[in-house]
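# Understanding the architecture of this molecule
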There are 2 protein chains.
Amino acid sequence: MTGQSAEEGFIAALRAIARDPGARGLTDDAAELSVSASTLVITHDMMVEGVHWLPRQDPADVAWKLVAANLSDLAAKGAQPLALVMGYMLGDAAWNARFVEGLDEAVVRFGVALLGGDTVSTPQGSARSIGITAIGQPQVVPSPSRADAKPGQALWITGTVGGALAGFEALRAGSTDEALTAPFRRPEPHVAAGEALAKHVGAMMDVSDGLLLDATRMAQASGTTIAIDSSAVPVVPALADRRDEAMRWGDDYNLLFTLSEGSTPPVAATRIGTVMAGSDRPLLIDGTPPDSPDKLGYLHRQP
Amino acid sequence: MTGQSAEEGFIAALRAIARDPGARGLTDDAAELSVSASTLVITHDMMVEGVHWLPRQDPADVAWKLVAANLSDLAAKGAQPLALVMGYMLGDAAWNARFVEGLDEAVVRFGVALLGGDTVSTPQGSARSIGITAIGQPQVVPSPSRADAKPGQALWITGTVGGALAGFEALRAGSTDEALTAPFRRPEPHVAAGEALAKHVGAMMDVSDGLLLDATRMAQASGTTIAIDSSAVPVVPALADRRDEAMRWGDDYNLLFTLSEGSTPPVAATRIGTVMAGSDRPLLIDGTPPDSPDKLGYLHRQP
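Residues numbered from 1 in each chain as written. Chains lettered and ligands numbered in written order. Predicted model: local features only at pLDDT ≥ 70, side-chain atom pairs only at ≥ 80, totals over all residues. Heavy atoms only, no water.

In the nomenclature of an unreviewed UniProt entry, chain A corresponds to Thiamine-monophosphate kinase from the organism Croceicoccus naphthovorans. The Pathway (unreviewed entry) field of the UniProt record for chain A holds the comment "Cofactor biosynthesis; thiamine diphosphate biosynthesis; thiamine diphosphate from thiamine phosphate: step 1/1." On record in UniProt, under Sequence similarities (unreviewed entry), the comment for chain A is "Belongs to the thiamine-monophosphate kinase family." (UniProt positions renumbered as here; feature names shortened; annotations may be inferred.)

Okay, structure coming up:
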């Protein structure tokens with residue numbers, strides 16, 4: 001279903017947005033990336049049709065979200081985004097064209113260079129996948145790890161929780177209210193916050209799969225117990241009555257981090273808990289382990 | 001078809017081969033990469049089931065070839081491989097396990113660090129894809145381009161042509177002769193040759209899609225005409241009578257490069273032609289444009 005012309009059209013469109021000289025017009029075997037640091041941060045996220053997006057979603061939103069998810073991982077390490085490379089399974093010409101529009105919006109918005117990648121054909125009837133590698137320069141080396149939460153530290157979060165869930169539900173219900181659906185469709189990675197926080201934090205990670213799941217991961221990586229005060233979690237007003245659900249949803253791309261007790265973060269953030277000595281319970285919500293411990297977050301969801 | 005246990009097993013196996021401290025045990029949002037150069041070379045190759053490999057192929061060979069294809073792109077830019085990140089659509093547990101074995105063989109063989117990536121589930125019945133990003137440090141900056149062939153230069157190639165075709169045909173015929181099938185299953189990127197050549201060459205690229213197709217690309221990128229003496233092309237003995245076919249096959253991962261007339265390359269290589277002023281014919285074989293100009297090489301093939 002994907003012929004040479006779809007591929008040629010797609011690459012021509014990509015070429016127009018691969019403005020960095022290091023991209024070499026997407027005509028060479030590889031790209032060049034200039035760096036001014038001796039340590040880089042690198043991450044890769046992959047999204048699959050039918051798993052991370054459905055065919056009826058706007059391809060521009062798919063592109064944006066894939067970039068945003070990658071840059072959120074860089075943000076969690078306090079890294080300034082430098083460059084992207086992409087592996088792309090071709091869709092039809094209209095889908096490809098709209099994808100490139102969203103990709104262009106994202107690379108311009110976040111100031112990151114598309115340097116290259118690979119396009120491949122898609123066997124008929126197959127779900128497509130798209131992967132992006134993002135490279136950034138960290139503000140601090142070693143960059144913050146999710147394993148460095150220490151007992152006695154305070155737990156903080158940037159932004160609000162639940163906006164993506166509210167947007168997802170609105171989109172599923174057919175809403176065309178762009179402001180309402182934007183948190184799900186067009187998440188904003190907290191890049192500037194991550195860079196500002198890097199030298200202050202203990203542990204830091206992004207909340208992509210749900211606050212309770214990701215906080216559990218931080219606790220387990222650090223060998224601690226994390227205690228969250230659910231009433232302190234900054235849930236969006238629309239989900240005030242569904243606080244527990246909001247804490248189990250992801251896609252808001254907050255930064256979750258720890259600070260020494262008594263410290264104040266250099267960016268807007270909310271204290272939501274405390275790190276305690278490790279126990280057999282990595283997570284406490286209002287003093288007790290969460291209900292449904294196998295459903296603390298979601299890895300894959302569909303609108 | 002791919003449950004949590006397949007993913008957990010796969011990630012545990014990957015963790016065992018992600019030995020570089022920068023990989024952070026594959027437990028963090030992103031990996032760290034230490035570099036000693038201010039310019040890096042970056043490339044991404046993606047392979048798709050049913051397009052680049054078939055289910056009955058040994059998954060270890062799929063892994064090897066994907067790494068080799070990426071490192072060949074680095075070799076073409078004279079870059080020393082540093083690191084890989086991977087996006088992986090999960091298969092069944094046995095396939096995943098065997099893939100990791102081949103991946104481990106490749107990263108050990110080529111001295112490159114597996115730093116991280118992403119694993120995603122595969123919708124039932126869907127072809128799977130796997131993408132790898134490779135990052136390297138070039139010997140020379142700017143690294144050799146395929147656009148720098150100049151009229152009067154000589155055209156050279158490393159290695160031999162046709163070994164992969166012979167191996168492909170043997171494999172398709174059911175051969176278990178590992179030495180015969182190895183050039184197709186386990187190609188060796190010419191990394192050391194690329195590093196040694198970088199400061200001497202005009203243009204350089206790898207031959208992944210067929211000598212005639214890739215030479216045409218070099219000519220077009222450089223605005224030149226490339227004239228190849230077919231009798232000089234180092235075709236493997238098994239294909240001595242099928243020289244034209246061998247020149248239209250890829251997967252041998254030779255380096256194709258130009259040198260000033262009279263210069264001798266610092267590595268084993270064969271002179272196969274001359275760069276001429278640009279014309280409306282990018283490629284001449286023994287003085288005339290090649291037959292079947294739309295079949296100069298293959299982008300996708302199946303064993």
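Okay, the side chain of D29 of chain A next. Relative to the helices and strands, D29 of chain A resides in the loop between α1 (4–17) and β1 (31–34). Residue D29 of chain A is classed as buried on the basis of its relative accessible area, which comes to 8%. There is a polar contact of 3.1 Å between the side chain of D29 of chain A and the side chain of K77 of chain B. For D29 of chain A, the contacting residues outside a window of four places in its chain are T43, D73, A76, K77, R146, M204, M205 and D206 of chain B. (Helix = DSSP H or I, 4+ residues; strand = E, 2+ residues; numbered from the N terminus. Buried < 20%, exposed > 50% of the residue type's maximum accessible area, 1.4 Å probe, protein only. Polar contact = N/O pair within 3.5 Å; in protein donor to acceptor, adjacent residues only side chain to side chain. Contact = heavy atoms within 4.5 Å.)

Okay, the relation of the copies chain A and chain B next. Superposing chain A onto chain B requires a rotation of 180° together with a translation of 0.0 Å along the rotation axis, leaving an RMSD of 0.0 Å. Read as a symmetry element, the transformation amounts to a two-fold axis. Taking C-alpha positions as reference, the residue of chain A nearest the rotation axis is S126 of chain A, located at 2.3 Å. The fraction of interface residues of chain A whose copies in chain B are also interface residues reaches 100%, indicating that both copies meet through the same surface. (Least-squares fit on C-alpha atoms with pLDDT ≥ 70 in both.)

All names here are of chain A. What the domain assignment lists for chain A is domain 1 (4–138) and domain 2 (154–295). Distance from the C-alpha centre of domain 1 to the C-alpha centre of domain 2: 26 Å. Counting residues at the interface gives 21 residues for domain 1, matched by 17 residues for domain 2. Overall, the association of domain 1 and domain 2 removes approximately 1,600 Å² of surface from exposure, summing both partners, and the carbon and sulfur fraction of that is 52%. Its salt-bridge partner being D251, residue K65 comes within 3.2 Å of it at the nearest N-O pair. At the junction of domain 1 and domain 2, the tally comes to nine residue pairs in polar contact (both at pLDDT 80 or more). Partitioned by chemical class, the residues of the side of domain 1 that touches domain 2 number 10 nonpolar, four polar and seven charged. (Domains from an automatic or database assignment. Buried area = accessible area lost by both parts, 1.4 Å probe. Salt bridge = Lys/Arg side-chain N within 4 Å of Asp/Glu carboxyl O. Nonpolar A, V, L, I, M, F, W, Y, C, P; charged D, E, K, R; others polar.)

Below, the discussion takes up the UniProt feature "binding site: Mg(2+) 2" (unreviewed entry) in chain A. UniProt's entry tags D45 and D73 of chain A with the feature "binding site: Mg(2+) 2" (unreviewed entry), counted in the numbering of this structure. These annotated residues cover 29 residues of sequence, and their C-alpha atoms all fall within 9.1 Å of one another, placing them together at a single site. Relative to the assigned elements, D45 of chain A resides in strand β2 (residues 39–48). Other than its neighbours up to four places away in sequence, D45 of chain A contacts L66, A69, N70, D73, I130, G131 and I132 of chain A together with D118 of chain B. Here D73 of chain A lies in helix α2 (residues 59–76). A relative accessible area of 8% means that D73 of chain A is categorised as buried. If near-sequence neighbours (up to four positions away) are discounted, D73 of chain A is found in contact with T43, D45 and D206 of chain A together with D29 and A30 of chain B.

Moving on: the pattern of salt bridges. The final tally for this structure, using the stated rule, is 40 salt bridges over all chains. With a shortest N-O distance of 3.3 Å, R24 of chain A and E32 of chain A are connected by a salt bridge. Exposure remark for R24 of chain A: the relative accessible area of 16% places this residue in the buried category. Across the pair D61 of chain B and R185 of chain B runs a salt bridge whose closest N-O atoms are separated by 3.2 Å. Within this pair, whereas D61 of chain B is found in helix α2 (residues 59–76), its partner R185 of chain B is found in helix α5 (residues 178–185), the two being separated by 124 residues in sequence. Taken as a pair, D61 of chain B and R185 of chain B share a single burial class, namely buried. Residues joined in a network through salt bridges with shared partners are R24, D28, D29 and E32 of chain A together with K77 and R146 of chain B.

The UniProt entry lists D29, T43 and D73 of chain A under the feature "binding site: Mg(2+) 4" (unreviewed entry), expressed in the numbering used here. In terms of the greatest pairwise C-alpha distance, the residues named above, spread along 45 residues, do not form a single cluster, extending to 27.1 Å across. On the accessibility criterion, T43 of chain A (4% relative accessible area) is buried. Excluding anything up to four places from it in sequence, T43 of chain A contacts N70, D73, L74, I132, T133 and A134 of chain A together with D29 and A30 of chain B.

In this section: the sheet that holds strand β2 (residues 39–48) of chain B. In spatial order, the strands read β1(A)-β2(B)-β5(B)-β3(B)-β4(B); together these five strands make up an open sheet with mixed pairing. Looking at strand neighbours, the two that pair on one side only are β1 of chain A together with β4 (113–120) of chain B, the edges of this open sheet. Neighbour-to-neighbour, the strand axes of this sheet turn through a mean angle of 25°, independent of strand direction. Bridge count for β1 of chain A against β2 of chain B is four bridges, and the pairing is antiparallel. When the sheet's bridge partners are listed, A31 of chain A is paired in β2 of chain B with I42 of chain B. Against the sheet, α2 of chain B makes contact with β2, β3 (79–89) and β5 (129–138) of chain B, and its axis sits at roughly 145° relative to β2 of chain B, the strand it touches most. (Pairing = 2+ DSSP bridges. Axes fitted to C-alpha atoms, helices over the stretch in contact; angles between N-to-C directions.)

Before going further, it helps to spend a moment on the packing of helix α4 (residues 163–172) of chain A against helix α5 (residues 178–185) of chain A. All names here are of chain A. Between α4 and α5, whose axes approach to 7 Å, the crossing angle comes to 115°. When you trace α4 past α5, the crossing you get is left-handed. Judged by residue contacts, G163, A164, G167, F168, A170 and L171 of α4 engage L180, T181, P183, F184 and R185 from α5. Each residue belonging to the contact of α4 with α5 can be placed in one class, and the counts come to seven nonpolar, three polar and one charged. (Left-handed = near helix turned anticlockwise from the far one by under 90°.)

Once that is clear, we can look at the interface of chain A and chain B. Listed as interface residues are 54 residues of chain A and, on the opposing side, 54 residues of chain B. Carbon and sulfur atoms make up 55% of the surface buried where chain A meets chain B, a total of about 4,200 Å² over both sides. Of all residues in chain A, D29, I42 and M46 of chain A bury the most surface against chain B, accounting for 17% of the area lost on that side. There are eight salt bridges connecting chain A and chain B.

A few words now on the side chain of T258 of chain B. Residue and element names in this part refer to chain B. Looking at the element boundaries, T258 is found in strand β9 (residues 254–259). A relative accessible area of 0% means that T258 is categorised as buried. Polar side-chain contacts of T258 include one of 2.7 Å to the side chain of Q153. One polar contact links the side chain of T258 to the main-chain amide nitrogen of A203, over a distance of 2.9 Å.

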